[in-house]
Amino acid sequence: MPHSFGYRARTRDMFKRAFKEKGQIKLSTYLITYRVGDIVDIKANAAQQRGMPHKYYHGRTGIVYNVTPHAVGVIVYKVVGNRYIEKRVNIRVEHIKHSKCRQEFLDRVKKNHELHAEAKAKGERVTLKRIPVLPRGAQTVSTKDNAPQTLAPLPYETTI
């Protein structure tokens, strides 16, 4: 039963650095450019305590609304009661990374555009909608030339 309710209470595993990723922060972290409107994932890096977000925002995804030399402003929606509140959080670049949540959608848009252009050049129509996977077809198992087998567990043996 916890008795401390500090700013970083119960974050032992949450803020822990990953295996073989301890130590200084890679310089490539600081070379990534962020623009207003980018979708970013918030993941606190314990090697840098300055500009660290509150534990609530760890693992959340937000949209960049402000960019400064060392930090970015991120809009995150927080559930409070029965509504969403738009929270504006200023976080240093060590604690965020570009989100891959839209990558599959962007790839699909690009592929659909290419298919549409090819079909238009040929003068035909093409369906670009995603089609759900249908159930697998039925199969019949015959016992002809396939006698049923009785399975039994093997007895436990110790070899010393």
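Residues numbered from 1 in each chain as written. Predicted model: local features only at pLDDT ≥ 70, side-chain atom pairs only at ≥ 80, totals over all residues. Heavy atoms only, no water.

An unreviewed UniProt entry annotates the chain as Ribosomal protein L21e-domain-containing protein of Irpex rosettiformis.

Observations concerning the overall build of the chain
For the chain, the helix and strand inventory stands at 2 helices and 5 strands. Sequence-ordered secondary structure for the chain, helices as α and strands as β, is α-β-β-β-β-β-α. Computed over its C-alpha atoms, the radius of gyration of the chain comes to 27 Å, more than 25% above the 15 Å expected for a compact globule of 160 residues. Summarising its shape, the C-alpha atoms of the chain cover approximately 75 × 75 × 40 Å along the three principal directions. Out of the 160 residues belonging to the chain, those deemed buried represent 22%. (Helix = DSSP H or I, 4+ residues; strand = E, 2+ residues; numbered from the N terminus. Rg over C-alpha atoms; globule rule 2.2 N^0.38 Å. Buried < 20%, exposed > 50% of the residue type's maximum accessible area, 1.4 Å probe, protein only.)

Comments concerning the environment of Thr33
Along the chain, Thr33 turns up in the loop between α1 (28-31) and β1 (39-42). Once you skip the residues sitting within four places of it in the chain, Thr33 turns out to touch Asp38 and His98. (Contact = heavy atoms within 4.5 Å.)

Details of helix α2 (residues 103-122)
In this model, α2 (20 residues) spans 29 Å end to end at C-alpha, consistent with the 28 Å of a helix rising 1.5 Å per residue. Just downstream of α2 lies Gly123, where phi reads positive at about 80°. (Expected span 1.5 Å × (residues − 1).)

Notes on the sheet that holds strand β2 (residues 61-67)
Note: strands within a sheet are paired through backbone hydrogen bonds, in either parallel or antiparallel orientation. One open sheet holds the 5 strands; their spatial order is β4-β3-β2-β1-β5, and the pairing between them is antiparallel. In the strand order of this sheet, the two ends are held by β4 (83-92) and β5 (96-98), each with one partner. Sheet twist, expressed as the average angle between the axes of neighbouring strands with direction ignored, equals 45°. Of the pairings in the sheet, the one linking β1 to β2 comprises 3 bridges and is antiparallel in character. Paired with Val40 across the strands is Gly62, a residue of β2. (Pairing = 2+ DSSP bridges. Axes fitted to C-alpha atoms, helices over the stretch in contact; angles between N-to-C directions.)

A word on the nonpolar core
Membership of the largest hydrophobic core is limited to 12 residues, which are Tyr34, Val40, Ile42, Tyr57, Val64, Val72, Val74, Val76, Val89, Ile91, Val93 and Ile96. Only β1, β3 (71-80) and β4 provide two or more residues apiece to this core. The element that contributes the greatest number of residues to this core is β3, accounting for 3 residues. Once residues lying within four places of it in the same chain are set aside, the contact partners of Val89 are Tyr57, Val72, Gly73 and Val74. (Core = buried A, V, L, I, M, F, W, Y, C linked by side-chain atoms within 4.5 Å.)

Some points on the pattern of salt bridges
Opposite charge on two side chains lets them pair, provided their charged atoms get close. Enumeration over the complete set of coordinates arrives at 2 salt bridges. We note a salt bridge from Arg88 to Glu86, for which the minimum N-O separation is 3.2 Å. The partner of Glu94 in a salt bridge is Arg92, with the nearest N and O atoms 3.4 Å apart. (Salt bridge = Lys/Arg side-chain N within 4 Å of Asp/Glu carboxyl O.)

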